[in-house]
Amino acid sequence: MEIYKRKDVNNEMAREVDTKGYVKAYRKMQDTEVFKSPYAVQLFLYCLFNAKFSGKDAGTFVTTQDKIRKDLGWSRPTVIKFMKFLKEINCIDYQGSNTDTKIKVINFQYYQGK
């Protein structure tokens, strides 16, 4: 496991990265609302890839909408639209502040078989 630092907005955050790990993606995803949109699939997988994988905060991560926008190559309205979409269909929940956004993957333990 390696640790690296990054700057988001004016806030420095440390983030754990498991470069040798994997996440599970089930074929059942094809039968969900998420799968009907490539943007929704990409954002949902982005959330799975970035979520903490263990501990009491498993399934959550802190980021910014600007970081998501840059990572995915999207516009800000697209990030907002698909974050709202995933929240409406109960795939993620999020809380924003002036400096960052905390995202929680709903049922993370179920998706990752824990």
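Rules and cut-offs
Residues numbered from 1 in each chain as written. Predicted model: local features only at pLDDT ≥ 70, side-chain atom pairs only at ≥ 80, totals over all residues. Heavy atoms only, no water. Helix = DSSP H or I, 4+ residues; strand = E, 2+ residues; numbered from the N terminus. Expected span 1.5 Å × (residues − 1). Buried < 20%, exposed > 50% of the residue type's maximum accessible area, 1.4 Å probe, protein only. Arc of directions from axis to C-beta. Contact = heavy atoms within 4.5 Å. Core = buried A, V, L, I, M, F, W, Y, C linked by side-chain atoms within 4.5 Å. Salt bridge = Lys/Arg side-chain N within 4 Å of Asp/Glu carboxyl O. Axes fitted to C-alpha atoms, helices over the stretch in contact; angles between N-to-C directions. Left-handed = near helix turned anticlockwise from the far one by under 90°. Nonpolar A, V, L, I, M, F, W, Y, C, P; charged D, E, K, R; others polar.

**Remarks on helix α3 (residues 76-88)**
Inference 1: The terminal C-alpha atoms of α3 lie 18 Å apart, and with 13 residues this matches the ideal 18 Å at 1.5 Å per residue to within 8%.
Inference 2: Among all positions in α3, only T78, V79, F82, M83 and L86 are buried. Seen along its axis, α3 keeps its buried residues to an arc of 125 degrees; they face one direction. Looking at α3, the residues exposed on the side facing more than 90 degrees away from the buried face are P77, K81 and E88.
Inference 3: On its buried side, α3 packs onto α1 (38-50), α2 (65-72), β4 (92-96) and β5 (101-105).
Inference 4: Immediately beyond the C-terminal end of α3, within one or two residues, lies N90, with a positive phi of roughly 65 degrees.

**Some remarks on the nonpolar core**
A general trend in soluble globular proteins is that nonpolar side chains are found buried together.
Inference 1: Of all hydrophobic cores here, the largest spans 26 residues; its most connected members are L43, F44, I68, L86, I103 and V105.
Inference 2: Those elements that provide at least two residues to this core are α1, α2, α3, β4, β5 and α4 (108-111).
Inference 3: The element that contributes the greatest number of residues to this core is α1, accounting for 7 residues.
Inference 4: In this structure, I103 is in contact with C47, G59, T60, F61, T63, I68, M83, I92, D93 and Y94, ignoring residues within four places of it in sequence.

**Overview of the pattern of salt bridges**
Inference 1: Scanning the entire structure with this criterion turns up 6 salt bridges.
Inference 2: Linking E33 and K36 is a salt bridge whose minimum nitrogen-to-oxygen distance equals 3.0 Å.
Inference 3: The exposure class assigned to E33 is partly exposed, which follows from its relative accessible area of 41%.
Inference 4: The salt bridge partner of K52 is D57, with a shortest N-O separation of 3.9 Å.
Inference 5: Since its relative accessible area comes to 42%, K52 is described here as partly exposed.
Inference 6: Residues joined by salt bridges that share partners form a network here, namely D66, R69 and K70.

**Focus: the packing of α1 against α2**
Inference 1: The N-to-C vectors of α1 and α2 enclose an angle of 115 degrees; their axes lie 12 Å apart at closest approach. Crossing of α1 against α2: the hand is right-handed. Contacts between α1 and α2 involve Q42, L43 and Y46 from the former and K67, I68, D71 and L72 from the latter.
Inference 2: Along the lines of polarity and charge, the residues of the contact of α1 with α2 split into 4 nonpolar, 1 polar and 2 charged.

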